[in-house]
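Here is what each chain is made of, one letter per residue.
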Amino acid sequence: MKIVLAALLVGLLVATGHGYQVKPRNYNQTVQQLQEEYVRLEEDFRREFQIWKITGVKTPHFREMLEAWKFTEDQRRKELEDLPVPMEGTLCGLCRSVVGQLMEQRQQGASREDLFATAYELCTTLQIQEPDVCQGVIELNIDFFLFIFDDRPTVGADTVCAVVFQSNACILSDPEFINWSVNVNPRSTPITGSKHFPNARGPNDIKIVHITDLHYDPLYLVGHNAVCNRPACCRSDQGIPENPLERAGKWGDYRDCDSPWDAVDDVIEHVAAHHSDAAYIYHTGDIIDHGVWETSIPHNIQSMNRVYNKLAEKFPNKPVYNIIGNHEAHPTNVFAPSTVTQQQFSMEWLYSYSADMWSRWLPQATQNTIRHGGYYTTLVRPGFRVIGLNNQDCYTFNWWILWKPDYLSNQMQWLHDVLLQAEQNNEKVHILAHIPYSSSGSTFRICQREFRRIVERFYDTISGQFNGHTHRDEFNVFYSRENPAHAINVAWNGGSTTAFSNINPNYIVYYVDPESYQVTDFESYIFNLTDANRFPERRPEWFQLYSFAKEFNMHNLSPMEADKMVKRLGTPSGRDELRRYWEFKVKQGDPSLEAGCDDDCLLNHLCQVVVSEMGDDVKCDELRATFFG
């Protein structure tokens, strides 16, 4: 989902996915040198903003500032992480300036209507989004901000922007946001090497299908506008463009469009027909579309009903392990703590709904935690446990982080305690989470730190992590914090069945060792969207894109083998393999292949594999040292 600078204007849209950019060698020094400039920028904006609020007139200087800050169409469609590194400081300064003045207005008695009007004018003036999108998203989010900031007036704009932007240019210094932690049971033995296991893929492996990010849009209409300049296009109210090349296709569209029902129906039908021997289905969230400026609870429930009923129809006797995605909430991304009981903010509707829907696949014992917070654990078979997390509470666009940051420890402590019990029972565990904890720009950095501590403690109990959200076929290697030479865990991403954006739809089939429950191999299945839309009268032709172990000559997919692969790809002789990895990551989407990926781009993608905690670039620095020979 494309960035629309949510934090700047009381919660404007949401970023999806994540990226990583290798920092310039002088990055930290440059940021430090520019801090004084950012302060001057904020003071300049504050002065001009207050003149505007008092007189109702924008000075020529203020108009120049706003004109210089306008977002280009290219910038507004990028993820935060994909904007150029040099823009970090400017965006942080802009964020602190705008948010600071809105908060100051509120403290001086500004009404909801006053703040709405100010935010709306800035959103449209800076061209952050189209007017109807600005209006819709502000309307959906403003009451959450007012509640949080009225209740927590000591939270400053610097903290707000540091939580959202998460870069060295936006420094998070508030101890309340930094100093909470999970109580981790100490290890009895040190980590002395990378985690590995002897078995390769074999005939007795357990087969698991991973479906994620369906993003069903009930408003998708074939032939309608795919270039609408909004977060979601191809919709029935967006008209039919004169240019036939800008019209939505039958099976989806490479541009910022979600999935029509025919495409959602097709992938579930295809998996059921061609992988009937799969033991389990992992479904890692994001059923709802990207129309984030006009969500509602009835809209979300209607879409979820259709998808869950289809899954139940096609997998009547097969366990489907579902988790919640950030788009399932209303408003999108906003997950209030269970202690917030006001009806307009409470998440009780989503958690109770999920508990009811998932009860056809889960035992009664999971009901309590699902209804409390949307997460659960269940023993799949003796010795094998699944943990389904709702880690949207750690999403940087979940505004409730700004209210009580230490509440984030609650679910993570529960995760730790379940893993400790699993360890004592000699169980192996698969963790399902929608947003990868390693997602540098999406997961709150303190959550990354604490999750990494948990993974390090239970690396031998956790046999695999399975994520969605990024829409990319990718993976992340976790390294020991104590000794970064040791690879200890791997998180796999299922990609997406939506083509949003510039990618082909896909799903993943994992092969899992029946003793260690480690992944020995996986296969990615896709169809080419260009070809499918060329012949709309027939179903898409799915095919196996690749086998990971076979393609990259790996014995199995253990952390040790993954580490060897990454090191090989991080050398000049591994460039062809790295390019193939990138092509598979974007699922050979025609627009992505056409745009290409140069060596700097490839290094960014490789570094993304090895960075699991923001600010810890040790493994990336190692790769950069070998990358160009």
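The shown structure was predicted, so the numbers you read here are calculated from the model rather than taken from an experiment.

### Structural notes on the overall build of the protein chain
The number of helices and strands found in the protein chain is 21 helices and 12 strands. A compact globule built from 629 residues would reach a C-alpha radius of gyration of about 25 Å, and the protein chain, at 24 Å, matches this within 12%. The principal-axis extents of the C-alpha atoms in the protein chain amount to approximately 75 × 60 × 55 Å. Sequence separation of at least 24 residues holds for 74% of the intrachain contacts in the protein chain that already meet a minimum separation of 6. Carbon and sulfur atoms make up 48% of the accessible area of the protein chain, which totals about 23000 Å². The centroid of the 57 positive side-chain charges in the protein chain is displaced by 3 Å from the centroid of its 82 negative side-chain charges.

### Overview of the nonpolar core
What tends to happen in soluble globular proteins is that the nonpolar side chains get buried as a cluster. Of all hydrophobic cores here, the largest spans 188 residues; its most connected members are Trp400, Phe444 and Phe475. Both domains that furnish three or more residues to this core are identified here as domain 1 (1–177) and domain 2 (215–627). Not counting residues within four places of it along the chain, the set of residues in contact with Trp400 comprises Phe144, Phe147, Ile148, Val334, Phe335, Ala336, Pro337, Val340, Phe345 and Tyr407. Core analysis: the second largest hydrophobic core is formed by 7 residues, Cys228, Cys233, Ala248 and Cys257 among them.

### Re the state of the cysteines
For the coordinates displayed, the defined rule picks out 7 disulfides. Each disulfide pairs two cysteine sulfurs, and for Cys123 the partner residue is Cys134, the sulfurs being separated by 2.0 Å. Residues Cys123 and Cys134 are joined through a disulfide that is left-handed, its torsion about the S-S bond being -70°. Pair noted here: Cys123 is in helix 5 (residues 112–125) and Cys134 is in helix 6 (residues 131–151), with a separation of 11 residues, a long-range link. The same class applies to Cys123 as to Cys134, namely buried. With a sulfur-sulfur separation of 2.1 Å, Cys607 is cross-linked through a disulfide to Cys620. Here the S-S torsion is close to 80°, and the disulfide linking Cys607 with Cys620 is therefore right-handed. Of this pair, Cys607 sits in helix 20 (residues 599–610) while Cys620 sits in helix 21 (residues 618–627); the two residues are 13 residues apart in sequence, bridging distant segments of the chain.

### Brief notes about unusual backbone geometry
The step from His330 to Pro331 runs through a cis peptide bond, and the omega angle for that step is -5°. Tracing the chain through its elements places Pro331 in the loop between strand 3 (320–322) and helix 11 (348–358). Of note, the amide linkage connecting Phe500 to Ser501 takes the cis form, showing an omega dihedral of -5°. Within the secondary structure layout, Ser501 lies in the loop between strand 9 (487–493) and strand 10 (506–512). One non-glycine residue, His469, adopts positive backbone phi at about 75°. Positive phi, close to 70°, is recorded for Asn502, a residue that is not glycine. If you trace the backbone, Asn502 turns up in the loop between strand 9 and strand 10.

What counts, and at which threshold
- Residues numbered from 1 in each chain as written.
- Predicted model: local features only at pLDDT ≥ 70, side-chain atom pairs only at ≥ 80, totals over all residues.
- Heavy atoms only, no water.
- Helix = DSSP H or I, 4+ residues; strand = E, 2+ residues; numbered from the N terminus.
- Rg over C-alpha atoms; globule rule 2.2 N^0.38 Å.
- Contact = heavy atoms within 4.5 Å.
- Areas by Shrake-Rupley, 256 points an atom, 1.4 Å probe, with all protein chains shown as cover.
- Lys, Arg positive; Asp, Glu negative; His and termini not counted.
- Charge placed at Lys NZ, Arg CZ, Asp CG, Glu CD.
- Core = buried A, V, L, I, M, F, W, Y, C linked by side-chain atoms within 4.5 Å.
- Buried < 20%, exposed > 50% of the residue type's maximum accessible area, 1.4 Å probe, protein only.
- Domains from an automatic or database assignment.
- Disulfide = S-S within 2.5 Å.

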